[in-house]
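# Examination of the molecular architecture
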Amino acid sequence: MSYLRTIRTIGHTSAFARHPHRTVVARSTITPGHFQVVSQRHFSYEATVAGFCQTLSQSAPVAYVQQGMINLHDLTGLPWWATVILTTVGLRTLVTLPLAVYQNKILARLEQISLEMPELIKELKAETAYAMKKFNWTEKEARIMYNHSLKKQWNNLIVRENCHPAKTMVLLWGQIPLWIVQSVAIRNLVSMLPDPTAIEAQIAYTELTLGGFGWIPNLTELDHSLIFPVALGVINLSIIEIQAASRTKLPSKLQTIFTNLFRGLSILMVPIAASVPSCLCLYWVTSSAYGLGQNLLLLSPRVRRAVGIPAVPSELTHPYQHIRSTFAAKLGALSGRLGPNNQHPPPSTKA
């Protein structure tokens, strides 16, 4: 009671200082009921978050992946570190690789139909000019009809090629849920969830403590060497820089913002990865390494033709040479700015 009285006194004093003529309102600014409402809201928020995490931990997709990893470990006899890597590669090959190929097909089709638009725009402009004279349209009416016809032609091309722009997000629709589900499944194994009293959960946990390698013999502990967390940040940054270097057009302002945002998130993942069990960090590194290899593979024109991705003007003929030269130019510019010998060259002594 003395604590609440002190709080009420402080609230009354600050409110009175702000509004000296509203003493009655100031006295009722902070009440015990106010603290009760705030406490209830805070408890409700924590209960909601805890309930969501528990629901996700006990969900069917997580249970399937978790049990699948246990079955794969028991069937193959592999140590747990190899089981995590094998499961990650298998799931990404079955789920994200086909989606990445499909996404690249959609992007290529969108670029192809965009090449047809200049001719259509030319025809629409001629038809609109003719209609203005024939039907006495105003400039506003002509602009409305032109925009309507242009949108209709674009939609017809999208329907013809079955390449709605929303389909360019298909990889994220598959990759993010898969990443969350497998992360929660591995976390369940470490925490012996959903039933810590189950013999199978206790056995899996014990095997994880002995199923590491090298500098991480116990997969339930943190990677105190920080090798995996730093590797995760480097790999994710490499993916972002390769995607930026493979663009043949200048990035838009929105693309630049997202690129910088993902760079920041890649750096932020390093301390996060350093605070989770090493088996979970191992999964994140393996998944990111697979994504890096997947991106590099789908840059090759030969691979793109083999999987049915049509050729487009923005495709790099020699992608790996282009990326290597782009990185070399960036490193050269960076070293020139940071190095001690970045002064201007001396003037020539020739006459």
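Above: the structure in question.
Only a predicted model underlies this, so the values are computations on that prediction, with no experimental measurement involved. (Residues numbered from 1 in each chain as written. Predicted model: local features only at pLDDT ≥ 70, side-chain atom pairs only at ≥ 80, totals over all residues. Heavy atoms only, no water.)

Across its full length, the protein chain holds 14 helices and 0 strands. For the protein chain, the α and β elements follow one another from N to C terminus as α-α-α-α-α-α-α-α-α-α-α-α-α-α. Looking at the protein chain as a whole, 31% of its 351 residues qualify as buried. The long-range fraction of contacts in the protein chain, counting pairs at least 24 apart against all pairs at least 6 apart in sequence, stands at 70%. Surface accessibility of the protein chain: about 22200 Å² in total, with carbon and sulfur atoms responsible for 66%. (Helix = DSSP H or I, 4+ residues; strand = E, 2+ residues; numbered from the N terminus. Buried < 20%, exposed > 50% of the residue type's maximum accessible area, 1.4 Å probe, protein only. Contact = heavy atoms within 4.5 Å. Areas by Shrake-Rupley, 256 points an atom, 1.4 Å probe, with all protein chains shown as cover.)

Once that is clear, we can look at unusual backbone geometry. The linkage connecting L193 with the following residue, P194, adopts the cis geometry, with an omega of 5°. Turning to its location among the elements, P194 is positioned in the loop between helix 8 (170-191) and helix 9 (199-210). Of note in this structure, N136 is not a glycine but carries a positive phi near 55°. Take N136: it is sitting in the loop between helix 6 (96-135) and helix 7 (139-161).

Turning our attention to the side chain of S300. Here S300 shows up in the loop between helix 12 (278-297) and helix 13 (301-306). Ignoring anything within four residues of it in the chain, the contact list for S300 reads P319 and Y320.

Applying the stated criterion to the full structure yields 7 aromatic pairs. Among the aromatic residues, those joined into a cluster by ring pairs are W81, F213, W215 and F228. (Phe/Tyr/Trp six-rings, centres within 6.5 Å; stacked < 30°, edge-to-face > 60°.)

In this section: the environment of L171. Position of L171 among the secondary structure elements: in helix 8. Separated by 73 residues in sequence, L171 and P98 have C-alpha atoms that sit 8.8 Å apart. When sequence neighbours within four positions are dropped, the list of residues in contact with L171 reads T96, L99, A100, Q103 and Q294.

Should the charged atoms of two oppositely charged side chains come close, the side chains can pair. Tallying each qualifying case throughout the model produces 6 salt bridges. The residue E241 makes a salt bridge to R263 at a minimum N-O spacing of 2.7 Å. Of the two residues, E241 sits in helix 10 (residues 227-245) while R263 sits in helix 11 (residues 253-273), which places them 22 residues apart along the sequence. Given the relative accessible area of 18%, E241 is considered buried. A salt bridge links R305 to E315; the shortest N-O distance between them is 2.6 Å. Placement of R305 in helix 13 and of E315 in the loop between helix 13 and helix 14 (319-338) is noted, with a sequence separation of 10 residues between them. Assessed through its relative accessible area of 35%, R305 is described here as partly exposed. (Salt bridge = Lys/Arg side-chain N within 4 Å of Asp/Glu carboxyl O.)

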